[in-house]
Amino acid sequence: MATWDIEVTDTIGGEANYSWVYRYAVRTSDDISERALVRRIKGVAGYSGIRGQTCISGDFVEIRFPARCVVIFADVRY
């Protein structure tokens, strides 16, 4: 099992601003697909069903919602 730490924050000029931030954690199986992982992260953060731009780099996930000025960061806790 893997535990993912999730941060949702606002952006300004496309960069994370952290004037507000919400933090969550979610446990997933180690063999979860990237698509299922993104859906799980968005669901926990309250952004399911909203299209975003996703970048996955190993143990780090970044999901941006430019029209909403929001970004989600998720990384595996070891």
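What you see is a predicted model; the values in this text were computed from it and never measured.

Check the secondary structure of the protein chain and you find one helix and five strands. In the protein chain, the succession of helices and strands from N to C terminus is β-β-α-β-β-β. Taking 78 residues into account, the globule formula puts the C-alpha radius of gyration at 12 Å, and the protein chain, at 12 Å, falls close to it. Over its C-alpha atoms, taken along the principal directions, the protein chain stretches across nearly 35 × 25 × 20 Å. By residue count, 33% of the 78 residues in the protein chain fall in the buried class. The long-range share in the protein chain, meaning contacts at least 24 apart out of those at least 6 apart in sequence, stands at 40%. Carbon together with sulfur atoms contributes 48% to the accessible area of the protein chain, which is approximately 5000 Å² in total. In the protein chain, the 10 positive side-chain charges and the 10 negative ones have mean positions that sit 9 Å from each other.

Rules used throughout
Residues numbered from 1 in each chain as written. Predicted model: local features only at pLDDT ≥ 70, side-chain atom pairs only at ≥ 80, totals over all residues. Heavy atoms only, no water. Helix = DSSP H or I, 4+ residues; strand = E, 2+ residues; numbered from the N terminus. Rg over C-alpha atoms; globule rule 2.2 N^0.38 Å. Buried < 20%, exposed > 50% of the residue type's maximum accessible area, 1.4 Å probe, protein only. Contact = heavy atoms within 4.5 Å. Areas by Shrake-Rupley, 256 points an atom, 1.4 Å probe, with all protein chains shown as cover. Lys, Arg positive; Asp, Glu negative; His and termini not counted. Charge placed at Lys NZ, Arg CZ, Asp CG, Glu CD.

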